[in-house]
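Understanding the architecture of this molecule
Here is how the chains run, residue by residue.
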Amino acid sequence: MSNLSTREKVAFTLCVSFAFLLLISGIYDFWIIEFKAQDLLMSIGAFLMLLSLALMPKIFFLPFADIFKSKETPTIGIPKVQQWIMFSGVLLCAFGFALRLFF
C-alpha cells in the first residue's frame, strides 16, 4: 500500500467502506426484517465485488481504453485472488438474482 498515491488510497478506503456498509445492511435486513436468502446472497456478492474493486484502485484513474491494453497488473496483492473474489461475487449475485426471479 505504500506505493499507492493518495487518491488511490482514498479510492481503496471508499470501496472497502461501502462494501462493509452494504454487507452490514444486508445482514441486518436478513436478521431483523425478513429471512430472504436471495437478498443475503446478493448482498454478499455485491460485497465481494466491491472488495475486489478495492484491490484494484489504479483502475479508477486509468483511461478506459488503456485498461485493456495495459500489460501490468493494477492490483494490490496477487491478481488471481482478486479475480476469484470478483468471480465469486458475480456468481453469488447471479445466483441470488435467479432465486429472486424464480422463487
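See the structure above.
The paragraphs below set out a description of the structure included in this document. Every value quoted in this text rests on a predicted model; they were computed, and no experiment measured them. (Residues numbered from 1 in each chain as written. Predicted model: local features only at pLDDT ≥ 70, side-chain atom pairs only at ≥ 80, totals over all residues. Heavy atoms only, no water.)

**Quick word on the environment of Q38**
As for its placement among the helices and strands, Q38 is situated in helix α2 (residues 37-54). Since its relative accessible area comes to 14%, Q38 is described here as buried. Expressed as a C-alpha distance, the spacing of Q38 and K71, which sit 33 residues apart in the sequence, is 38 Å. Those residues in contact with Q38, other than ones at most four positions away along the chain, are G96, L99, R100 and F103. (Helix = DSSP H or I, 4+ residues; strand = E, 2+ residues; numbered from the N terminus. Buried < 20%, exposed > 50% of the residue type's maximum accessible area, 1.4 Å probe, protein only. Contact = heavy atoms within 4.5 Å.)

**Thoughts on the packing of helix α1 (residues 6-33) against α2**
Relative to each other, α1 and α2 sit at 170°, their axes nearing to 8 Å. By the angle between their directions, the pair α1 and α2 is classed as roughly antiparallel. For the pair α1 and α2, contact is made by F12, C15, V16, F18, A19, F20, L22, L23, G26, I27 and F30 and by A37, L40, S43, I44, A46, F47, L50, L51, L53 and A54, respectively. Residues belonging to the contact of α1 with α2 are distributed by class as follows: 19 nonpolar, two polar and no charged. (Axes fitted to C-alpha atoms, helices over the stretch in contact; angles between N-to-C directions. Parallel < 35°, antiparallel > 145°, perpendicular 65-115°, else oblique. Nonpolar A, V, L, I, M, F, W, Y, C, P; charged D, E, K, R; others polar.)

**Details of the nonpolar core**
In this structure, A19, L23, F47, L48, L55 and I85 together form the largest nonpolar core, which totals six residues. Mapped onto this core, the elements with two or more residues apiece are α1 and α2. What L23 contacts, discounting residues up to four positions off in sequence, is I44 and F47. (Core = buried A, V, L, I, M, F, W, Y, C linked by side-chain atoms within 4.5 Å.)

**Description of helix α4 (residues 79-102)**
Compared with the 34 Å implied by 1.5 Å per residue over 24 residues, the 35 Å span of α4 between its first and last C-alpha is a close match. Within α4 the residues assigned to the buried category are Q82, I85, G89, C93 and G96. Where the residues of α4 are buried, they touch α2. (Expected span 1.5 Å × (residues − 1).)

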